[in-house]
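Commentary on secondary and tertiary structure
Residue-level listing of the chains:
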Amino acid sequence: QVQLVESGGGLVQAGGSLRLSCAASGSIFSLNAMGWYRQAPGNQREWVAIMDSGGMTGYADSVKGRFIISRDNAKNTVYLQMNILNPEDTAVYYCFADARSNTGRILKVWGPGTQVTVSS
């Protein structure tokens with residue numbers, strides 16, 4: 001199986017920055033798209049950013065120009081640099097990956113989530 005673990009969440013003041021990391025491990029043959037979703041209390045999970053294995057990126061309008069996604073393929077890790085944070089960015093952030101395992105299975109894998117809280 002393939003597992004994802006996020007890190008880097010926490011409490012930050014409005015206008016500040018945080019960097020999230022998400023490392024994939026396990027029986028990984030390849031990782032295709034990796035990215036981030038978030039879910040605020042009382043809201044549905046919403047897509048935040050994505051990067052494919054070739055480096056193409058996409059961002060939700062709400063974070064475009066403030067968040068930057070990157071990845072280190074050698075480390076099977078994706079990052080989310082979050083700048084100019086505001087209280088509306090408060091949510092649990094979930095990493096995801098489209099993976100092929102060593103047994104040939106195609107998997108959509110999710111991390112357990114990391115809390116980001118932005119105070120005003």
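Cut-off values and rules
Residues numbered from 1 in each chain as written. Predicted model: local features only at pLDDT ≥ 70, side-chain atom pairs only at ≥ 80, totals over all residues. Heavy atoms only, no water. Phe/Tyr/Trp six-rings, centres within 6.5 Å; stacked < 30°, edge-to-face > 60°. Helix = DSSP H or I, 4+ residues; strand = E, 2+ residues; numbered from the N terminus. Buried < 20%, exposed > 50% of the residue type's maximum accessible area, 1.4 Å probe, protein only. Pairing = 2+ DSSP bridges. Axes fitted to C-alpha atoms, helices over the stretch in contact; angles between N-to-C directions. Contact = heavy atoms within 4.5 Å.

Applying the stated rule across the entire model yields 3 aromatic pairs. Summarising the aromatic geometry, the rings of Tyr37 and Trp110 are spaced 5.2 Å apart at their centres and angled 70° between planes, so their arrangement reads as edge-to-face. Note that Tyr37 is positioned in strand β4 (residues 28–39) and Trp110 in strand β10 (residues 106–110), a separation of 73 residues in sequence. Classification of Tyr37 as partly exposed rests on a relative accessible area of 22%. Between the aromatic rings of Phe96 and Trp110, the centroid separation amounts to 5.7 Å while the plane-to-plane angle is 45°, which identifies the pairing as tilted.

Turning our attention to unusual backbone geometry. With phi around 50°, Asn76 is a residue other than glycine that occupies positive phi space. Relative to the elements of secondary structure, Asn76 occurs in the loop between β7 (67–72) and β8 (77–82). A positive phi is found at Ile84, a non-glycine position, where the angle reads about 45°.

The strands that make up a sheet are held in pairs by hydrogen bonds between backbone atoms, and each pair lies either parallel or antiparallel. Spatially, the 4 strands line up as an open sheet ordered β1-β3-β8-β7, and their pairing is antiparallel. The open sheet has two edge strands, β1 (2–7) and β7, and neither has a second partner. Each neighbouring strand pair of the sheet contributes to a mean axis angle of 15°, computed without reference to strand direction. The sheet contact formed by strand β3 (residues 18–26) and β8 spans 6 bridges and is antiparallel. Considered in β8, the bridge of Leu18 is made with Met82.

Here we come to the side chain of Thr114. Here Thr114 is to be found in strand β11 (residues 114–119). Excluding residues that lie within four positions of it along the chain, Thr114 makes contacts with Glu6, Gly9, Leu20, Ala91, Val92 and Tyr93.

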